[in-house]
Structures are given as C-alpha cells and as structure tokens.
Amino acid sequence: MRKALGISILGFCGGWLLSQLRAMPGGDLFAWPFASAACAMGLRAAAFVLIALALWKRREGLRWPLLLAVTFGYAASGLASGPRQGIPWLGLIVVAIAGWVSAGWVRPKETPPSSQDGAQPANVGEMLGLFVAGGGLAIAIESIARYVREFGSGLAQDDTIFGVAFLAFVALGTAAFGWLASTARTRRLSFPVLCAASAAACFASLSFIETVADPVGLKTFLDRWGVRPIDHGTLAFDLMLGAAAFVLPALLLGASLAGARGRRSLSSAVLGAALGLYLIPRFLDRGFGAAASQAETFTAQLVPYAVMATVGGAALAILSESRRRPIARYVALALALPCALVVLGHTIKPIFVLDPWSSRPILPYLAFDTPMGLATIENSVGGLKVASLARHQITPETRESASDSQRLRDSFALISPARRKEGSIQVLFVGQLSAFRANELTTLGATRIDRSAAWWKAMPRLEAALFENGDVSQNLQMPEGEVLSPDEARRRLADGKYDIVIAPPVPGDAPAIAHVDAPEKTVVVRWLRLDEPLRGVTAREPAVLSAAGLDMPALGIVTNASTPSADAAERPRTLPSSRFDMFVPTPLAWSLVREPNRVDKARSAAFQSLATSWHPAPTPFIKGLELHYSVQAPSSPFEKDEDRIEISDPALDQLKIDARGELDAFTRAMWEWIAGVLVGKRDVTRIEKYVAPVAAAHAPWSALEVSLAYADLESLDAPAAIARLEPVVARDPAAWRAWFALGEAREITGNASGSAAAFKHADDLLPGQNWIRRRFAMAACRAGDPAGRRVAQELLAQKPKDTQMQAFVAPGPPPPAPTSYQPQE
C-alpha cells in the first residue's frame, strides 16, 4: 500500500511539473504578445533535465501505474487549476519535497546487478547512443505536436488536452505491450529498437495531419467519431485530434520505456530529449531579415532527420551493449535499421493547417514556418490583410480595425498634452506593425516607430507583405524606425529613447502583468483582450478601458500615465486597480464551451469580477457594463449584427445615469454605438427613452441626432427628420451618415433633387461604397439627372442580376420613390 501510494504521488508530482513548466505570455514586456520559442522550449527542456536526474539511478524501465499517475497529475494541473503565470517556485519546492519522500517509499532494496537480469549500468557507448536516440525521438514527436497545436484554439488548455492524449497512450503502451519489451530475452535491447520504431511511426502521424489539414478530410474524420467542426477548441475535438495524431508513436514509446534496463539508460535518453527540444527553435530560425528566396526549413522536414538520428543512436546503443550475445544484438539491429527505410518511402512537403474546421477557405499571400509557429499573411472577412502567428492574429482584421484604432488613440491620450503639442513622438511598438496601424500612428503624431517582439526576426518579411499595396486607400511607405531585438529594445527603453511603448493585444491566454522598468517620462500601455478568461489578472496599476462602442472591449494596463487631457472628448476611461479573475471558470469547464459562445461569457466574467471587486460599491458605469455583458447570448450567424446584440433596459438605466456627467472618449463612443444598434433594431421606444435625453444633455451631438432622425423616419415623420438633419450637415459637413439619412428623408417627401444631392455628398465623403452609389443613382434618375442613369449602368455592369438597377436603366420613367422608411440591407 505504501509503495502504491508512493508511486501515485511521485507520478502526480512529475505530471504537475510537466504541466507547470511552460512559458506563458506576459511577465516580461517583450513577451507580452507571445513568450519566445527559445524560452518555451528551454523550460520544457529544463523539466526533462529534472526528470533525467530523478531517473539517474533507476535500473528498471517505467511501469504503467507511474505513467498513469503522471498523466493524471498533468491533467489535474492543466485542466483544474491551469498554468500559473511565471515560474511557480513555491509549487516546485513542494513538489520536490513530495517527490523525494515518495521516491524513498518506492525505492527497492539495493542488490548487485548481474548479467542475468541485464541491470548493469549502461556503458559510455550505450549512453551516447541512447542520448542521440532520445534527442531524435523528441524532435520527431515535437514536430508532430507543433502541427497538432495548430488544430487547437491557441490556449494552454488545448496543449494540456493534447498532452493528456499523448501521455495516456504512452501509459497504455506500457500496460499493453510493456511485458513483451521487458522479458528476459528482449529487455534492454528492446528500448533502443522501440525508440527507433516510435520515431518512424511519426510518419504515420504526419500522413494523418496532412489528411485532416484539408476541410473534407477533417470532416470525414470527425463524422466517424460523432464530433462536428463547430466543436473546434472543445474537449472532445482536441482529444480526438490528439489521440489520432499521437496514437502510434505514443504506444511504441510506452512499450520502449518498459524495456529500459540498467542505470543511466533512461536518464541518457531523457537528457537527449531535453537537448532535442532545446534545438528545435534553432533548426527553424532563418535569421533576421531573411528573404523569401532564401532556402528554409519547415516543420515536416525535421521528421526524416529526426528518424535518421534516432535510428543511428539506437544502432550505436545496440552495438555497445556488451553483455548480450552477438546474435541478440544483430537481431535487434536488424529490427532497428529498417525504420530508417521509412524515410525513403515518403516525399516530405510543407503542411499548412489553415483553419480546416472553418467554412471560409483561406488562401494566404505568404506562409512560412518560424520557431514560434506558422506565420501567414491572409485576407480577413472584409478584405483587410491580417498577419497571424501560430494561428493567432497579430494584426487586426477588418471587424476589429475600429477598436484597434481606438486603442491607439487612447494610448496616445495618455501622453502629456504638452509633449503631444511638441510633436515628433517616438514610439516603441511591441507587436506586429501593419500599414493600417502605421497610418493611424503617424496621424496621431508618431515620427519614429521602432518595433520588437518575440518574433522580431520574422517581422521584416511580414511587414513587406503587409505594406505591399497598403491596407489603406493609398500605398503607404514604411515609417521611420527599426525592427529591434528584445535586448536592444530594452536597452533603448532604459536610455529614455521613447515617449510611449504600446503592446497591442493578441488572442489567446491572458498575459501575466508584471512590473515594467521604464523611465518616468515613458508611458507604457499593455493591452489585454477580454475574449478569454483573465486567469490570474490583477491590475495593480491604473487601467484604461477601450472599445469602439461596446464591441471588442480591451483593457490597457498603464505605467507612468501622465495628467489626463483637459478635453473630455479625448480623455480615456480609467479604472482603479482591480481584480478581473474572480469568476474565471476552470480550464476544464472552459473546454466544454464552444468557441462562438466563449466571448460573451469571458467578457461577462471580467466585468462581474470588476464590479464585485470595486469598493465600496460599483459605479453606475461599471454596473451597466456588467449588466450588458451578462445578458449577451449566442445568436444565429445568419442574423444581422444588430440583432445578435442583446440590449437590456437595466443596463441602459445605469449607463444613462452615468451619462449625466462629463463624457470621456469611451462613453461617447459607447453611446454612439448603442444608438446605432437601436437604429439597426428599429427600436424607436428605446431611442426616445435613452438616447434622446443623453443627446439633449450633451448637445450638439451629431451621431446621436442622426439616430433620433431615424426614429422620426420610423415614426413616419420625415419632415421632422429633415428639420433635425439639416442643422447637423450645416454644422458638420463631413458627417456622411447624416447626409445619407437626409437623402432618405428627402426621398420620402418627394424631393428627388435634394435627395440626390444628399446622397452625392455621402458618396463623396465615403467613396467606393456601392450601396451609397445605388441610392444616388436611383434619386438622380428620379430627378432627371443624366448622371444617375450613367451610374446605374456602371453598377449594373458590375452586378448584372441586380433587378432593381435594371428598372432604372430600362426605357420609361424610373420606379417611384418610397413613401415610408424601409432600411436597406
């Protein structure tokens, strides 16, 4: 009983160690978006070194109860509590003590090794061979793991589930086949043979990944197990993919671990595995500024090299075993060497896992492997180029562009007004710069933009693709500035070279918030998305809340914030130090939630935590946000954007109370967003109840007055809408939305020429939008303006099946104008 308990504790501690020693984002400023690959693999290698030291004196192979306990400890740590930010020193000390005590319970009595039981210590040749074999096997399996991770949702819980699938099959392999590998005739020699077989089996895993990287292949595989593509990122999806990808190498690895014999045998292989993991980022590192024409190594290419290394190391270990008869060694060699022949039967080519579970095909402009993962440049929905790394978007997509711009504006608003007035702002951007972001930063006053992050060596190649033909209306030249290594960027920051440091958010696990060592004159803003649980996030420094309305909110952790601007319209909404993780679900619970439902739940938990930790009582603003996000619910993807948003009266009541005071940038954008959503919902009652009082209290407010004009149109009072809109366009001629609404109102009253003129203003202010040009063409045709027929013909040439436009180019009078307001889809 004591021995069984010791094995369980020892295995649990080992699994906990493997789970916790992983690199998480944050902590260091330059690891805010991503921890570096060198750090991630270094920590994993360190865990293997500790395991090798624990196994140094072990004479027998591993048994399935120990491996099952490792699996349980790994799962319990990763799915019940989740990985901790930074290195959990206290936990490591506790685990070390528990492991030391339990190891004493399971240590057998010392007996002299004999040639009969094969337990004599490994000689130098065996140790070297097993070291090389272990390194090659680790590289082969980690190459498969790099692809498997790209099938997850990019969270630590996905890595844990994939790891649990792998470890479970290793334990199963030991239990099911270990007795064959540990018999008197096979033990010791079976260890290197099965290591070579396990590495060769990675070709089967590679073939499976190539199959499911295609949407049809993935759907066929998932249908077989009753899982759907919409389940991507859930426990069932991850387990199925991980199990299928790792089953054969893991089973063979489990059998090999049971066949190890002799001191230093297991530890030599594990130390080799540590070195193999450490070297993987170096193999994929192309250097700084490598051109697209330069030859590069891709992940799949590592597998044949790893198999050859494993087979070579296994052969050396077999031939160096001096206590077994030559015939046994030759038989083992004959079994190991054919594993190298598998390499000759496979053509290795790059494999790109480009969201095969998605209904939208992805055709990247650029795709290449980096130590961090697969890097791509692709089109997002809406056409804006977006860069991704390890399937995390590192530049904003079209839908997020407004929120990203607002975050940059809120960041600059934290610089002292006097310094902004001087101009020539020096920026350090800890993230991926795009043409869209560069345009916004230069508009705000940045004259130099240096860039740095964990993937800094790949930045020039990504920037070249992002700035090609610009993401803005005109080609944009690269701004002045350099791509810097984190060490060089840290040195320049310490020397006071920058006015502001901006670290934009990246989807995935919340980064750790640590102290930033920056000169007092340098403002540092680190942005957090609220789309995933903020596990372990406690803001000890002031925070800024930013969003384009209430869509895609983000939290900015601010260091060295200056005195806010006197202009309330540009002043960001600040929050005191608070907790954001009081209602965070466990990783296991979160893995049971489908991805489309996660965003609303994560935001609700964040604002509920914020409201609960706010003392003495939450303000109406925070209470309103908590109520708003708590009522959001999953909706059909076929609904309009406005219909998918839940608007609750209790939330609006609290937000209206907050709006009685001075409005900052966030609150103004929020009310304009609320008004736009209510217009889309055609909710006249709430517009009059909530929007009208806020607009009256802070008049003039063009955006809200446009919303009130639409309420007039819905109420069949077009003259009132015209009377409300004409002062708006006179006061703010650049308000394209007001011009468009005025065109709709004039159209209803029969003023065709006035309607055409208003639509023409909107088209001039927002060129290239065919839905505006259509309305101008209709109104101009009704007014007898030849330009209307010409524009209608151009639109019909682009979309010949547009039956509505066909009526305006046909002979005879055009169709009459509507007599009541009907929103255009």
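For the structure, see preceding data.
Residues numbered from 1 in each chain as written. Predicted model: local features only at pLDDT ≥ 70, side-chain atom pairs only at ≥ 80, totals over all residues. Heavy atoms only, no water.

Engineer: Just to check I follow, could you spell out the overall build of the protein for this structure?
Structural biologist: Each helix and strand in the protein was counted, giving 31 helices and eleven strands. Taken over the C-alpha trace, the protein has a radius of gyration of 31 Å; the compact-globule value for 825 residues is 28 Å, and the two agree within 12%. Viewed in the frame of its principal axes, the protein has a C-alpha envelope of about 105 × 65 × 50 Å. Taking all 825 residues of the protein together, 55% fall into the buried category. Summarising the internal contacts of the protein: among those between residues at least 6 apart in sequence, 73% fall at separations of at least 24. Accessible surface, the protein: about 34700 Å² in total, of which carbon and sulfur atoms supply 59%. Each charge sign in the protein was given a centre, from 82 positive and 76 negative side chains, and these centres are 10 Å apart. (Helix = DSSP H or I, 4+ residues; strand = E, 2+ residues; numbered from the N terminus. Rg over C-alpha atoms; globule rule 2.2 N^0.38 Å. Buried < 20%, exposed > 50% of the residue type's maximum accessible area, 1.4 Å probe, protein only. Contact = heavy atoms within 4.5 Å. Areas by Shrake-Rupley, 256 points an atom, 1.4 Å probe, with all protein chains shown as cover. Lys, Arg positive; Asp, Glu negative; His and termini not counted. Charge placed at Lys NZ, Arg CZ, Asp CG, Glu CD.)

Engineer: For this particular structure, what's the right way to read empty space enclosed by the protein?
Structural biologist: Where empty space is left can be seen by rolling a probe of water-molecule size over the atoms. Using the criterion set out here, one finds six cavities of 30 Å³ or more in the structure. As a volume, the largest cavity reaches approximately 60 Å³. As for the largest cavity, its lining consists of Glu126, Leu130, Arg188, Leu189, Phe191, Pro192, Ala260, Arg261, Ser265, Ala317, Ile318 and Glu321. For the lining of the largest cavity, the secondary structure elements donating two or more residues are helix H5 (124-149), helix H7 (190-212) and helix H11 (299-320). Across the lining of the largest cavity, the residue classes break down as seven nonpolar, one polar and four charged. (1 Å grid on protein atoms, 1.4 Å probe; cavity = no way out; pocket = protein on both sides within 12 Å on 5 of 7 lines; lining within 4 Å. Points joined across faces, edges and corners; volume = space filled by probe spheres on them. Nonpolar A, V, L, I, M, F, W, Y, C, P; charged D, E, K, R; others polar.)

Engineer: What is the right way to look at the environment of Leu68 in this model?
Structural biologist: Locating Leu68 in the fold gives a position in helix H3 (residues 64-81). Here Leu68 falls in the partly exposed class, since its relative accessible area comes to 45%. Between the C-alpha atom of Leu68 and that of Met308, which follows or precedes it by 240 residues, the distance is 30 Å.

Engineer: So what exactly am I meant to see when it comes to unusual backbone geometry here?
Structural biologist: With the exception of glycine, most residues fall at negative phi, and the peptide bonds are largely trans. A cis amide bond links Ala699 with the next residue in sequence, Pro700, at an omega value of -5°. If you trace the backbone, Pro700 turns up in the loop between helix H24 (684-697) and helix H25 (702-714). With phi around 75°, Arg264 is a residue other than glycine that occupies positive phi space. Here Arg264 shows up in the loop between helix H9 (235-259) and helix H10 (265-284). Judged by its relative accessible area of 24%, Arg264 is partly exposed. Look at Arg682: it is not a glycine, yet its phi comes out positive at around 60°. Mapped onto the secondary structure, Arg682 falls in the loop between helix H23 (665-681) and H24.

Engineer: Help me understand the packing of helix H22 (residues 649-658) against H23, please; the structure alone is not making it clear to me.
Structural biologist: Two quantities define a packed helix pair, namely the angle between the helix axes and the distance between the axes. Two elements in contact, H22 and H23, have axes whose closest approach is 12 Å; the angle formed by their N-to-C orientations is 140°. Classified by the angle their axes make, H22 and H23 are oblique. Crossing geometry of H22 relative to H23 is assigned as left-handed. Of the residues in H23, those touching H22 at Leu652, Leu655, Lys656 and Asp658 are Thr667, Met670, Trp671 and Ile674. Here the contact of H22 with H23 is composed, by residue class, of five nonpolar, one polar and two charged. (Axes fitted to C-alpha atoms, helices over the stretch in contact; angles between N-to-C directions. Parallel < 35°, antiparallel > 145°, perpendicular 65-115°, else oblique. Left-handed = near helix turned anticlockwise from the far one by under 90°.)

Engineer: Where do I start with the sheet that holds strand E6 (residues 446-451) in this structure?
Structural biologist: What holds strands together in a sheet is hydrogen bonding between their backbones, with the strands either parallel or antiparallel. The seven strands are arranged E6-E5-E7-E8-E10-E9-E11 in an open sheet whose pairing can be described as mixed. Of all strands in the sheet, those with a lone pairing partner are E6 and strand E11 (573-575), marking the two edges. For this sheet the average axis-to-axis angle between neighbouring strands, irrespective of direction, equals 25°. Sheet topology places strand E7 (residues 500-503) next to strand E8 (residues 523-529); four bridges connect them, and they run parallel. (Pairing = 2+ DSSP bridges.)

Engineer: Help me understand the pattern of salt bridges, please; the structure alone is not making it clear to me.
Structural biologist: Once the charged atoms of two side chains with opposite charge are near each other, the side chains can pair. Following the criterion strictly, the structure yields 48 salt bridges and no others. Of the charged contacts in the structure, one is a salt bridge between Arg261 and Glu60, with a shortest N-O distance of 3.6 Å. Residue Arg261 is found in the loop between H9 and H10, and its partner Glu60 is found in the loop between helix H2 (37-54) and H3; the two are separated by 201 residues along the sequence. Given the relative accessible area of 38%, Glu60 is considered partly exposed. We note a salt bridge from Asp159 to Arg149, for which the minimum N-O separation is 3.9 Å. (Salt bridge = Lys/Arg side-chain N within 4 Å of Asp/Glu carboxyl O.)

Engineer: Please clarify how the nonpolar core should be interpreted in this entry.
Structural biologist: In a soluble, globular protein the nonpolar side chains are often hidden away together inside. Counting 100 residues, the largest nonpolar core has Leu555, Leu625, Met670, Trp671 and Ile674 as the members making the most contacts within it. Ranked by residues supplied to this core, first place goes to H23 with nine residues. Excluding residues that lie within four positions of it along the chain, Leu555 makes contacts with Arg526, Trp527, Leu528, Leu530, Ala543, Val544, Leu545, Leu575 and Phe580. Of all hydrophobic cores here, the second largest spans 80 residues; its members include Cys195, Val311, Ala317 and Cys339. (Core = buried A, V, L, I, M, F, W, Y, C linked by side-chain atoms within 4.5 Å.)

Engineer: How should the pairing of E6 be read in this particular structure?
Structural biologist: Burial analysis of E6 places five of its six residues in the buried class, which makes it a mostly covered element. Where strand E5 (residues 425-429) meets E6, five bridges bridge the pair, whose relative direction is parallel. Following the sheet pairing, Phe429 is matched in E6 by Arg451.

Engineer: Got a minute to help me understand the sheet that holds strand E2 (residues 373-379) in this structure?
Structural biologist: Here four strands make up an open sheet; going across it, the order is E1-E2-E3-E4 and the pairing antiparallel. Two strands lie at the open edges of the sheet, namely strand E1 (366-370) and strand E4 (392-393), each paired on one side alone.

Engineer: Help me out: how do you make sense of the side chain of Asp238 in this one?
Structural biologist: Along the polypeptide, Asp238 turns up in helix H9. Buried charged residue Asp238 carries no salt bridge. Nearest counter-charge: Arg598, at 6.4 Å. In contact with Asp238, not counting residues within four places along its chain, are Phe151, Gly152, Asp158, Ile161, Phe162 and Gly233.

Engineer: Would you explain the packing of aromatic side chains in this entry?
Structural biologist: The geometry of an aromatic ring pair is captured by the separation of the ring centres together with the interplanar angle, meaning the angle of the planes. Within this structure, the stated rule accounts for eleven aromatic pairs. Each ring, one from Phe621 and one from Phe666, has its centre 5.6 Å from the other, and the planes form 85°; the classification is edge-to-face. A residue pair is termed long-range when its members are at least 10 positions apart, and Phe621 in helix H21 (residues 620-630) and Phe666 in helix H23 qualify at 45 residues. For the pair shown, Phe621 and Phe666 are each scored as buried. Grouped by ring-pair contacts, the aromatic residues Trp736, Phe740, Phe759 and Trp771 constitute a single cluster. The side chain of Lys385 reaches across the aromatic face of Tyr365, ending 5.0 Å from its centre. When the ring centre of Phe368 is taken as reference, the NZ or CZ atom of Arg461 above it lies at 4.0 Å. (Phe/Tyr/Trp six-rings, centres within 6.5 Å; stacked < 30°, edge-to-face > 60°. Lys NZ or Arg CZ within 6 Å of the ring centre and 35° of its normal.)

Engineer: Before we go on, may I ask you to explain the pairing of E2 in this structure?
Structural biologist: In summary, the side chains of a regular strand alternate between the two faces of the sheet. Counting buried residues along E2, six of its seven residues qualify, which places the element largely inside the surrounding structure. Alignment of E1 against E2, held across five bridges, turns out to be antiparallel. Within E2, the position partnered with Asp369 by the bridge is Leu374. What sits between the antiparallel neighbours E1 and E2 is a turn of two residues. In this sheet, strand E3 (residues 385-389) lies alongside E2 in antiparallel orientation, the contact comprising five bridges. Residue pairing in the sheet places Glu378 in a bridge with Val386 of E3. Adjacent in sequence and paired antiparallel, E2 and E3 are bridged by five residues, among which Gly382 carries a positive phi angle near 110°.

Engineer: Please explain the side chain of Arg573 as it appears in this structure.
Structural biologist: Tracing the backbone through its elements, the reader meets Arg573 in strand E11. Side-chain polar atoms of Arg573 contact the side chain of Asp664, separated by 2.8 Å. With residues up to four places along the chain from it excluded, the contact list for Arg573 reads Ala543, Val544, Leu545, Phe621, Asp658, Asp664, Phe666 and Thr667. (Polar contact = N/O pair within 3.5 Å; in protein donor to acceptor, adjacent residues only side chain to side chain.)

Engineer: Help me out: how do you make sense of the packing of H7 against helix H8 (residues 215-224) in this one?
Structural biologist: Two elements in contact, H7 and H8, have axes separated by 6 Å at closest approach and are oriented at 105°. What the angle tells us is that H7 and H8 run roughly perpendicular. Across from Phe208, Thr211 and Val212 in H7, the residues of H8 making contact are Gly217, Leu218 and Phe221. Of the residues that constitute the contact of H7 with H8, the class distribution is four nonpolar, two polar and no charged.

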